Amino acid sequence: QVQLVESGGGLVQPGGSLRLSCAASRSIFSPYVMGWYRQAPGKQRELVACIFSGGTTNYADSVKGRFTISRDNAKNTVYLQMNSLKPEDTAVYYCNADHIFSRQQYWGQGTQVTVSS
């Protein structure tokens, strides 16, 4: 069992920055893939970024060059640094842990990010 708690969401103006944090109740490096997803009203949940145990990262095309995912093993925490935010980034952001062997997934409760003037 892995519990995930997101924090860092809020209201920000276009062009601004936020850093989201996801604190895990246990080690979330090997054998978990960690990811950030988001869901806007009326839209499907989409993968924003993920990071593998070896450090490899993947990003959605819409956030490449603006968002950076990272993980801190000592703190059992995953981060999503979001720069140059756009109104289209407005969504609830969810942290996800995917066990690479069983494919069991764990989700955080979500944190709201609103980008507006």
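Above this note sits the structure.
Residues numbered from 1 in each chain as written. Predicted model: local features only at pLDDT ≥ 70, side-chain atom pairs only at ≥ 80, totals over all residues. Heavy atoms only, no water.

Engineer: Let's hear about the packing of aromatic side chains: which residues, and what values?
Structural biologist: One pass over the structure, following the stated rule, counts 3 aromatic pairs. Between Tyr-32 and Tyr-106, the aromatic rings sit 6.5 Å apart at their centres with planes inclined by 65°, giving edge-to-face as the arrangement. Residue Tyr-32 is found in strand β4 (residues 32-39), and its partner Tyr-106 is found in strand β10 (residues 105-107); the two are separated by 74 residues along the sequence. Tyr-106 shares its class with Tyr-32; the two are buried. Three or more aromatic residues joined by ring pairs form one cluster here, namely Tyr-37, Tyr-94 and Trp-107. The ring of Tyr-94 carries the charged tip of Arg-45 above its face, separated from the ring centre by 4.1 Å. The residue whose ring lies beneath Arg-45 is Trp-107, and the NZ or CZ to ring-centre distance is 4.6 Å. (Phe/Tyr/Trp six-rings, centres within 6.5 Å; stacked < 30°, edge-to-face > 60°. Helix = DSSP H or I, 4+ residues; strand = E, 2+ residues; numbered from the N terminus. Buried < 20%, exposed > 50% of the residue type's maximum accessible area, 1.4 Å probe, protein only. Lys NZ or Arg CZ within 6 Å of the ring centre and 35° of its normal.)

Engineer: Explain the sheet that holds strand β8 (residues 77-82) to me, and be specific about the residues and the numbers.
Structural biologist: Across the sheet, 4 strands lie side by side as β1-β3-β8-β7; this open sheet has antiparallel pairing. Unpaired on one side and paired on the other, β1 (4-7) and β7 (67-72) mark the two borders of the sheet. Here the strands of the sheet are splayed against their neighbours by 15° on average, with no regard to which way each runs. Taken together, the 4 bridges between β1 and strand β3 (residues 18-24) define a ladder with antiparallel strand orientation. (Pairing = 2+ DSSP bridges. Axes fitted to C-alpha atoms, helices over the stretch in contact; angles between N-to-C directions.)

Engineer: So what about the side chain of Glu-6? Which residues, and what values?
Structural biologist: Within the element layout of this structure, Glu-6 appears in strand β1. Despite its burial, Glu-6 pairs with no opposite charge; the closest candidate is Arg-45, at 8.0 Å N-O. Of note is the side chain of Glu-6, whose polar atom sits 2.7 Å from the backbone nitrogen of Cys-95. Separated by 2.9 Å, the side chain of Glu-6 and the backbone nitrogen of Gly-110 make a polar contact. When residues no more than four places from it in sequence are discounted, the contact partners of Glu-6 are Ser-21, Cys-22, Trp-36, Tyr-93, Tyr-94, Cys-95, Gly-108, Gln-109, Gly-110 and Thr-111. (Lys, Arg positive; Asp, Glu negative; His and termini not counted. Salt bridge = Lys/Arg side-chain N within 4 Å of Asp/Glu carboxyl O. Polar contact = N/O pair within 3.5 Å; in protein donor to acceptor, adjacent residues only side chain to side chain. Contact = heavy atoms within 4.5 Å.)

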